[in-house]
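# Overview (structure and organization)
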Amino acid sequence: MPHWTALVAEKKQRQLKSIPQEWLVTPPPDSTLDVTAFPETCGLLNAREIEITNTSVDLLLEKLACGDWTAVDVTAAFSKRAIIAHQLVNCLTEIFVDRALARAAELDDHLKKTGKVVGPLHGLPISLKDQLCIKGLETTMGYVSWIGQYAEKNAVLVDILLECGAVPLVRTNIPQTLMWGETFNNVFGRTTNPYNRSLTPGGSSGGEGALVALKGSPLGVGSDIGGSIRGPSAFCGIYGLRPSYGRVPYCGARNSLEGQDSVLSVFGPMTNSVGGIKVFMKAVVDAKPWLKDPLAVRKKWDEDEYNLADHGSGKDLCFAIMWDDGVVVPHPPIRRSMEITKAALQKAGHKVVSFTAPAYRPSRTTQRNIWNAASAEDFMITTSVTGEPIVTTMELDDVLWQVQKLRQNIRKEYLDHWEATASETGTGRPVDAIICPAAYGVATPHGKNRNANYTMVWNALDYPAAIFPVTTEPPHNFYDQFDKEIYETYDPEKFKNAPVCLQLVGRTLEEEAVIRMTEIVDAALATAK
């Protein structure tokens, strides 16, 4: 077998050849950190393509359904912008422009002949994290050992998206092993943040975050086991949703730590509008994924839940703000964003109370120990085929069943704690949702994303959580030396132009309500500006 570096060189050469030569641009020098304006000023996109790629998911679907815009035109525009984005921040893995355009042409032909759309996502280009298998394409997931392994069939979610009328657009970069809050692997290299290329886009769905932020895709699919949708969404200034276990099908996708079912990875949407989150979730759930994936939850889309029937029909909501986790105090921009959100919600007539999380440190430790059980062996076996070095790894720590029992106890403690908030809300209900940081700070410099506590806890509890943007980029007391070290990484100049986002957390299988409450928060912030 060739040396692993030769396999990488050959793969990258094939990737370069998959890019239409007329779409190659001269990127700005590395010293240009913010490249968000480049796609529209480089001269490659015409006015119509700029208009298309700046259009929200809801409006795109309207124009596609009535024939104002063809699926081919929309797919071509986003394909071109995705290729520009890739040349700026290295966000793509598999590029299949001809295949995407052929699919779009089929959809246009169907609409022309029948006058009907194929489904609720008719003509919508959707980018996919490099786990979602597409028949006939490689899915390396950042492992050199998986170069040359072509999928024999689609992942279930890909089949459902096709049934809904979507156009698979490109696949996006991830970290080796997936278990890292940045995006770097030995096959495709490092993805950078389009708002500041000296910073990470997060991980493991960092390729998606960067691509959607540059509007190279109207909607992408990421995965999340400890914050891998929410971290990149927050670092890249977009919307994202981590659904509950089994709400979106996972069957047929590639993954690390397969068989570990204590804290499951989930797929969810990443997009530039909260409306895009609802469109994706409703389309996927309406397709009855439980008939195709044995682990998918049999729960139909609940319009009453979306209309907040269990939350006073959305009137006089009470939100709880978790200012910090008792482990790490957030950096000043995160604190400011929570203050901005609190004021906006109060101005909109909602109540806001403070929330202190119970057992946060044990919850974080429990989840890490579940991941660590035999993960090193899993990574070593995968990489041993070619001898590629492991970028990052974890060691075996605890007896798994003991850790699982501790997690069960923590879930009960959080449930009781949430229920007890009914005494503070004045609505007769417990708090409707929790608003909290998505991370202790904004996007970090490369290699410095050390802490995912603010997202991991909700995975362990299986609480759905949505990311929403707030803004862009004071002394306090520290909990301990670790907290002090985290705070001292804050330097306003270093984090210049980084987006600032928060997350809204609901209860298990309450995705519809989480989406609606995120819309309410988003509208309150827009009105307050």
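Scroll up a little and you will see the structure.
Just so you know, these numbers come straight off a predicted model, no measurement behind them. (Residues numbered from 1 in each chain as written. Predicted model: local features only at pLDDT ≥ 70, side-chain atom pairs only at ≥ 80, totals over all residues. Heavy atoms only, no water.)

### Let's talk about the sheet that holds strand β10 (residues 351-354)
Quick note on the threshold: A pair of strands is treated as paired once DSSP finds two or more bridges between them. In DSSP terms, a helix is any run of H or I states spanning at least four residues, a strand is any run of E spanning at least two, and both are numbered starting from the N terminus. For helices, the axis comes from a line fit to the C-alpha atoms of the stretch in contact; other axes are also lines fit to C-alpha atoms, and the angle between any two N-to-C directions lies between 0 and 180 degrees. Note on definitions: a residue-residue contact is assigned when non-hydrogen atoms from the two residues lie within 4.5 Å.
Sheet architecture is open: 11 strands sit in the order β1-β3-β2-β6-β8-β7-β12-β13-β11-β9-β10, paired in mixed fashion. Of all strands in the sheet, those with a lone pairing partner are β1 (92-95) and β10, marking the two edges. With direction set aside, neighbouring strand axes in the sheet form an average angle of 30°. In the sheet, strand β6 (residues 219-224) pairs with strand β8 (residues 266-271) via six bridges, with the strands oriented antiparallel. Among the inter-strand pairings, Gly-220 is bridged to a residue of β8, identified as Met-270. Strand contacts of helix α12 (residues 332-347): β9 (318-321), β10, β11 (433-437), β12 (465-472) and β13 (499-505), with the helix running at about 60° to β13, the strand carrying the most contacts.

### Things to note about unusual backbone geometry
The omega angle of the peptide bond from Gly-203 to Ser-204 is 10°, so this bond is cis rather than trans. Mapped onto the elements, Ser-204 comes out in the loop between β5 (189-190) and α8 (206-213). One non-glycine residue, Asn-90, lies in the positive phi region at around 55°. When you line up the elements, Asn-90 lands in the loop between α5 (71-89) and β1.

### Some details on the packing of aromatic side chains
To keep things clear, this is the line we draw: The criterion for an aromatic pair is that two Phe, Tyr or Trp rings (for Trp, the six-membered ring) have centres within 6.5 Å, with stacked assigned to planes under 30 degrees apart, edge-to-face to planes over 60 apart and tilted to the rest. We call a charge positioned above a ring when the Lys NZ or Arg CZ atom is no farther than 6 Å from the ring centre and deviates by at most 35 degrees from the ring normal.
Enumeration according to the criterion identifies six aromatic pairs in this entry. A connected cluster of aromatic rings, assembled from ring pairs, spans Tyr-414, Trp-418, Trp-458 and Tyr-463. Positioned over the ring face of Trp-146 is Arg-254, at 3.7 Å from the centre of the ring. Above the ring of Tyr-306, the side-chain terminus of Lys-278 is found at 3.9 Å from the ring centroid.

### Remarks on empty space enclosed by the protein
Quick reminder of the rule: Residues are called lining when one of their atoms sits within 4 Å of a cavity or pocket point, these points coming from a 1 Å grid over the protein atoms alone, where a cavity is a set in which a 1.4 Å probe fits but cannot get out and a pocket is an open set with protein on both sides within 12 Å along at least five of seven lines. Grid points are joined across faces, edges and corners, and a volume is the space filled by probe spheres set on the points. Here the nonpolar group is Ala, Val, Leu, Ile, Met, Phe, Trp, Tyr, Cys and Pro; Asp, Glu, Lys and Arg are the charged ones; every other residue, Gly included, is treated as polar.
Each pocket or cavity is described by its volume, and for the largest cavity that value is around 50 Å³. Forming the boundary of the largest cavity are Lys-129, Gln-131, Leu-178, Met-179, Ser-204, Ser-223, Asp-224, Ile-225, Ser-228, Asn-255 and Ser-265. Of the residues that constitute the lining of the largest cavity, the class distribution is three nonpolar, six polar and two charged. Considered as a void within the structure, the second largest cavity measures approximately 40 Å³ in volume. Lining of the second largest cavity is provided by Ala-234, Phe-235, Ile-334, Ala-438, Ala-439, Gly-441, Val-442, Pro-499, Val-500 and Cys-501.

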